[in-house]
Amino acid sequence: MTTLAAAPARARAAVRATSAVAAPASDTRAARRDTGRLRALDGLRLIAALMVALYHYGGRSGDISRAWGESPRSLFPALHGLFAYGCLGVQIFFVISGFVICMSGWGRPLRAFFASRVARLMPAYWCAIVLVTAVFALPPVIYAAVSPSDALLNLTLLQQPLGADRVLGVCWTLWIEIRFYALFALCLVLPGVTRRRVVLFCTVWTMLAAIAQASGEPTLDLILMPQYAAYFIGGMGLYLLHRNRRDTTAWGIVVISWLIGQHYAVASLWHHHDPAAFSHRSATVIIAIVTAGFVLVGAIALGALNWANWRWLTVAGALTYPFYLVHEHLGWVVIRQLHHGFGISPWATFSVTVAGMLVLAWLMNRYIEKWATPLLRRSLTTNGAR
């Protein structure tokens, strides 16, 4: 991407003028609406991140049990089963991502799209890698740090396909995200995003993802991500509805994506009731949560939540990504210290840990992202443009 030459300014201006003439009135109105921030979407992002935190702190066993000193099932007997549904925050994230990437990629050249994604992801991610590696290297911490070589490789975001240990447990979702970005960039941003191309992309991806699932071919699975494609595609369909709520084809894309998405969520997260298991997820509740994710993003897309326009929601949205990155592994360390070191009760430990991770996220946003993101974006947008 860095070797692409910038289009001449006159050509870009001509394309913009042609697009403006050809655009229907509904698209023009949508473009004007897109200049405002959808603050309700920021709030939904934070809710999804908090759902994942509930899952990591009280909705599963494994490493978090080492932090608590016992299974969260015994510490939170009434709610551990509800916390187990928090992992579905990831599916909601993917629907939001489909919406936001379609919105941000519309009308952008490839270089600008690439720069915006790198600048958005990497500063907080690099900071989180350094923080978690440094904390896990401290002698009192019972969790082992990854090797120096693997820690360095983690800075590339390619540790998972290359088989290295992950510094951040949540980075598996980032590997899914960047594959979606690559597909979107190559198929839509490179030729130019239009409604027709988005519809074609969503239709073809849906069909190819089904074929990949049926074939069992690992390479197709790697590229087409059948387990997660429906959430991104559904989000893109919802963005088309944001532009034109009467778009029947977009409604069809959303409904089909929801049907496929709930299927994969139930298939991967539901299991037969087992008294010995940590928890039991109901298929009905899984479907309800996936549906709620689609409905809430849809309500935002159609303007039903425009009244939720409080400025603090923008702050909530800014905290979501750094919070998501650091909350799991650093949360283990904080929980162990508070609960075992200071003898604080489970619920107080839970609350203080979430609050502490939000404060850390604010610090990362304030002192890392706010200066590094625009600097990195400008550098990637302008360097080599001539």
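For the structure itself, look to the data block above.
Below you will find a few notes about this structure. (Residues numbered from 1 in each chain as written. Predicted model: local features only at pLDDT ≥ 70, side-chain atom pairs only at ≥ 80, totals over all residues. Heavy atoms only, no water.)

1. Regarding the packing of helix H8 (residues 110-136) against helix H10 (residues 171-189)
Two measures define how a pair of helices packs: the angle their axes make with one another and the distance between the axes.
Reasoning step 1: The N-to-C vectors of H8 and H10 enclose an angle of 170 degrees; their axes lie 11 Å apart at closest approach. By the angle class used here, H8 and H10 are roughly antiparallel. The segment H8 lies against H10, with Leu110, Phe113, Arg117, Leu121 and Tyr125 engaging Cys171, Leu174, Ile178, Tyr181, Phe184, Ala185 and Val189. (Axes fitted to C-alpha atoms, helices over the stretch in contact; angles between N-to-C directions. Helix = DSSP H or I, 4+ residues; strand = E, 2+ residues; numbered from the N terminus. Parallel < 35°, antiparallel > 145°, perpendicular 65-115°, else oblique. Contact = heavy atoms within 4.5 Å.)

2. What about the pattern of salt bridges?
Reasoning step 1: Under the criterion given, the structure shown has five salt bridges.
Reasoning step 2: For Arg45, the salt bridge identified is with Asp42, shortest N-O distance 2.6 Å. Separated by three residues within a single helix, Arg45 and Asp42 lie in helix H3 (residues 39-58), roughly one turn from each other.
Reasoning step 3: Among the residues examined, Asp42 registers a relative accessible area of 1% and is labelled buried. (Salt bridge = Lys/Arg side-chain N within 4 Å of Asp/Glu carboxyl O. Buried < 20%, exposed > 50% of the residue type's maximum accessible area, 1.4 Å probe, protein only.)

3. What about the packing of aromatic side chains?
Reasoning step 1: Applying the stated criterion across every chain, the model contains 27 aromatic pairs.
Reasoning step 2: Judged by centre distance (6.0 Å) and plane angle (65 degrees), the ring pair of Phe76 and Phe83 falls under edge-to-face. Like Phe83, Phe76 is buried.
Reasoning step 3: Between the aromatic rings of Trp347 and Phe350, the centroid separation amounts to 5.9 Å while the plane-to-plane angle is 35 degrees, which identifies the pairing as tilted. Pair noted here: Trp347 and Phe350 are both in helix H17 (residues 346-382), with a separation of three residues, about one helical turn.
Reasoning step 4: The exposure class assigned to Trp347 is partly exposed, which follows from its relative accessible area of 44%. (Phe/Tyr/Trp six-rings, centres within 6.5 Å; stacked < 30°, edge-to-face > 60°.)

None of the figures reported here should be taken as evidence of function without further support.
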